[in-house]
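Topology and contacts: notes
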Amino acid sequence: MRAWLPLFLRLCVLALLVAFLVSPQVFEPLLKPLTQNGAPAIYNQGSLLSLALQHLRTVAIATVAAIVVAVSLAILVTRPAGVEFLPLSRSLVNIGQTFPPVAVLALAVPAVGFGEKPTLIALFLYGLLPIFENALTGLTTTPANVVEAARGAGMTGWQRLLRVELPLSLPIILAGIRLSVVISLATATIGSTVAAKTLGEVIIAGLLSNNLAFVLQGGLIVAALAVLIYDALSALERMAARRMGQVSAE
Amino acid sequence: MAIRFDKLGVVIAAIAAYGAVVAPFATFRANRIVAGEPRSILEALPQWSGAALLAILGAAALVALLKTPLALRLAASVVVLTSLALLIGVAGAHLTPEGNSFARVSAASGFWLLIFAFTLLLADGLTRLQLSPVGRVAVLAVAAAAVWLLLASGAWNDLSLLKEYTNRADSFWNEASRHVTLALGSLVGAVAVGLPLGILCHRVDWLRDGVLNVLNIVQTIPSIALFGILIAPLGWVAANVPGAAAIGIRGIGVAPAFVALFLYSLLPVVANTVVGLAGVPRAANEAARGMGMTDWQRLRGVEFPLAFPVILTGIRIVLVQNIGLATIAALIGGGGFGVFVFQGVGQTAMDLVLLGAVPTVALAFAAAIILDAVIEMAAKGRPVAEAA
Amino acid sequence: MIEIEHVTKRYGDVAVVDDVSMVIEPRTVTVIVGTSGSGKTTLLRMINRLVEPTSGTIRLDGVDNRTVPGPQLRRSIGYAIQGHGLFPHRTVAQNIATVPSLLGWDAGRIRARVDELLSLFQLDPAAFGARYPHELSGGQQQRVGVARALAAEPNVLLMDEPFGALDPIIRTKAQEDLLAIQRRFGTTIILVTHDMEEAVHLGDRIAVMDAGRLIQYAIPAEILARPANDFVETLVGASDRPFKLLSLGAVRDAVEPGEAEGAAIGDEATQRDALAELLWSGRAAMPVTDDEGRALGRVTVNGLVKRAARPA
């Protein structure tokens, strides 16, 4: 019974999430006790579904951009031509991760104005770091004798990268992407403080009008999205890792 | 001998050239809210000093560009960073009309790009020096002392950032202590609870998966939502538990922020305790048991000391994360540097945002460097450290 | 034929390989022996240009190996390393197909070659082809590693401590398999090891290296009988030198006329095995038979003891 229980729970969460996004009114009686003075229990200043989709869209755009840039940079600094940048890029990643997401977001506003743009920039910059760090780890810890064997078999630098190093680093790069996506999903809510259209709008509306029902529904939607995406990416990672007989990098 | 270029130097010199020549050095605004007017280095500084800065920048960029000795590169970056720090203050004084208390001067993109370029050079040099943990903390202390000296000397008093500070000097220190209390207090709480919980999870198999799963889910709840969600139960506690309100428990304010940070902190502490204890070599444990140590003696004498560096790594993650997250507390009236950030965003006053963001980043950065040094010292001679 | 001429490799001021010259005859097994840091692996890796020599030349069948681009050169030379170095993300069949697919063989030819090699190494192609390396035992992984090195039918096979990670019983088996395959394909094998026992067992010729220099390059009997210096003598191991010498010769060459009592020994066994059997069973002599069971004569303790003495 242990085997199917987690899957069943996930399907329940997914079903609930979809149901809530499509017809939130059904859940009104559940949330009503959390409101005071007859305030609305379901967010009424826009469609939850479209906010959720925009939230995901923002995270997706930022993450894809972060993946492309982070993996390319990691490849660059692990090639002989870029190896001079390797120690510095390690320190930069360490330093970069100490920047709070709020600060990145707030500092992006004066550069590009309010709206979706500063959020995209903050998510992109903040998402870069875990992916870059993991890609770097993956590419620099490929077993030496495997790379040696690839060279010995007569693979050129490109062939080694594409056929051996990248496939071998895939699970750990995926782990970085997973981390990055989960952070971005949560950070995107803060984007609503600079007027980005995300689920943060619901939460902030709740905070401003002292409406706990709003706060709760906004928070739970994001959490459910994060849990489901986290699980899906973990499964993908395990699939990639299992083929290599590695233990998943959880 | 042929001239050889340093690859990183090419990047640094390019950024520096753009920052010095194309991008504005400072921004002048007639008052706090209106749009700024860009000023180049030569416009922003008195004649001699503008030319001097350009000369220094040119020389330093050349040092970066060519393959030069490490000491020279470090010296060049320190000289440039110091000059930039001093001269942005001079620009403030130079651009502000005499007796005008409304005019605002702030550093513009060119200044920040130059800072970025030469911080890169400095960081690269320091990385290559491979300083000892103590050395790194010493460099941090010197940098902090230099910044303090500049602040105390009043060199930056004509800059908009400092004017924002002067207007809020009292509340700044209040929010600062609130911020640190939130970040450190929740960390202490998380360690007090998370450490025993982690040890328990290590010993009791069935507990481990459950606890870690729940804590994992807590981490996925966006911070502003978690802060908000806690308002209700804490409000209820304040209203219904005798004495709770007296010790400061309230629906909004510090209490929900504190609890939220505490909840976020639990996962890294518990998970790293479990990982650290699991990484203790089997042989060491077997030997301890073979010599007749009790469970408690084994925990104190063998397992805990060996797992310590990994647990410290968890504490580092928590502290840096908490310093960042504490900014969110401002949204629910919890105070902290976030107050300035969100006020600034609301008023589109960039310098106010900086007043909140810069100390937050500096705190997190300092905490990371200090704890990294402590971890490295704790891990010295302990091969299990890489289990992190 | 592989001609190594005055090859030197320096890292900074240190000469890892110092002016080494040697000629390796085709279709032979040459074993390079030395302690770690002796430069033996570097010398091997200069043959397929994984390491570029600082000076000197290496010619393969008369062609300077620097005239061929590195990757192309390496595709024509087999290379097997310690711990097999199999690609963990590829199946056994894909691993073996590495060089053939780099060379652009068509799919049918690759498949036929993979199946042939798997069968040759006693691995059922249907059962093993689709497995991943981590699903194999250590000995199986090692065999796939050698099969991969031989996939594109190279004339030359370089092996760097190929049996280093195997336990003694599997190692002996792997050594026998290697000799059988070498006889079958006539591949020129150059093998690096730190184990003199292995060198004596496998090598047609042995090259002993120390601190980057080639100390002695000779047939095994010569190395055992006349070590060039104290280092080689230590490596050979003075205490069991006579037994190593006996292990080089077959019983066939030690047969004396006459008869003896008790169980017989085959003429293909080593003289060392024969002596061991005689001492263990407390006999002075034992009969020798060929592989069809015909009596050839006998071997005696006295005769073998004389053969174990230092050659004049």
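These notes cover the structure that comes with them.

The rules we used
- Residues numbered from 1 in each chain as written.
- Chains lettered and ligands numbered in written order.
- Predicted model: local features only at pLDDT ≥ 70, side-chain atom pairs only at ≥ 80, totals over all residues.
- Heavy atoms only, no water.
- Pairing = 2+ DSSP bridges.
- Helix = DSSP H or I, 4+ residues; strand = E, 2+ residues; numbered from the N terminus.
- Contact = heavy atoms within 4.5 Å.
- Buried area = accessible area lost by both parts, 1.4 Å probe.
- Salt bridge = Lys/Arg side-chain N within 4 Å of Asp/Glu carboxyl O.
- Polar contact = N/O pair within 3.5 Å; in protein donor to acceptor, adjacent residues only side chain to side chain.
- Buried < 20%, exposed > 50% of the residue type's maximum accessible area, 1.4 Å probe, protein only.

Description of the sheet that holds strand β4 (residues 55-60) of chain C
Residue and element names in this part refer to chain C. Strand order in this open sheet of four strands is β2-β1-β4-β5, and the pairing throughout is antiparallel. Edge positions in the sheet fall to β2 (14-24) and β5 (63-64), since each has one partner strand and no second. When strand β1 (residues 2-11) meets β2, the two strands line up antiparallel, connected through seven bridges. Note that in β2 the partner of Ile4 across the bridge is Met22.

Section: the interface of chain A and chain B
At the junction of the two partners, chain A supplies 36 residues and chain B supplies 40 residues. When the two sides are added together, the surface that chain A and chain B hide from each other amounts to roughly 3300 Å², 81% of it contributed by carbon and sulfur. The largest contributions to the chain A side of the interface with chain B come from A:Glu84, A:Leu88 and A:Thr98, which together make up 18% of the buried area. Connecting chain A to chain B are two salt bridges. In this structure, A:Glu84 and B:Lys7 form a salt bridge, with 3.9 Å as the shortest nitrogen-oxygen distance.

Regarding the interface of chain A and chain C
With 20 residues of chain A at the contact, the number on the chain C side is 25 residues. Between the two partners, chain A and chain C, sit one salt bridge. Between C:Arg45 and A:Glu148 there is a salt bridge, with the nearest N and O atoms lying 2.2 Å from each other. Across the contact surface, chain A and chain C share seven residue pairs in polar contact (both at pLDDT 80 or more). Among the secondary structure elements, those contributing two or more residues to the side of chain A that touches chain C are α7 (144-152) and α8 (157-190) of chain A. At seven residues, the largest contribution of residues to the side of chain A that touches chain C is made by α7(A).

Describing the pairing of strand β6 (residues 77-81) of chain C
All names here are of chain C. The buried count for β6 comes to five of five residues, which makes it a mostly enclosed element. Neither face of β6 is open: one carries Ile77, Tyr79 and Ile81, the other Gly78 and Ala80, and all of them are buried. In the sheet, β6 pairs with strand β7 (residues 156-160) via five bridges, with the strands oriented parallel. The residue of β7 that forms the bridge with Tyr79 is Leu158.

Re the pattern of salt bridges
Enumeration over the complete set of coordinates arrives at 39 salt bridges over all chains. Across the pair A:Glu237 and A:Arg178 runs a salt bridge whose closest N-O atoms are separated by 2.8 Å. Placement of A:Glu237 in helix α10 (residues 212-242) and of A:Arg178 in helix α8 is noted, with a sequence separation of 59 residues between them. Residue A:Glu237 is classed as buried on the basis of its relative accessible area of 1%. Overall, A:Arg178 belongs to the buried group, its relative accessible area being 5%. We note a salt bridge from B:Glu164 to B:Arg104, for which the minimum N-O separation is 3.3 Å. On the criterion of sequence distance, the pair formed by B:Glu164 in helix α7 (residues 160-167) and B:Arg104 in strand β3 (residues 104-107) is long-range, its members being 60 residues apart. With relative accessibility at 2%, the residue B:Glu164 sits in the buried group. Members of the salt-bridge network, linked through shared partners, are B:Asp6, B:Arg73, B:Asp124 and B:Arg128.

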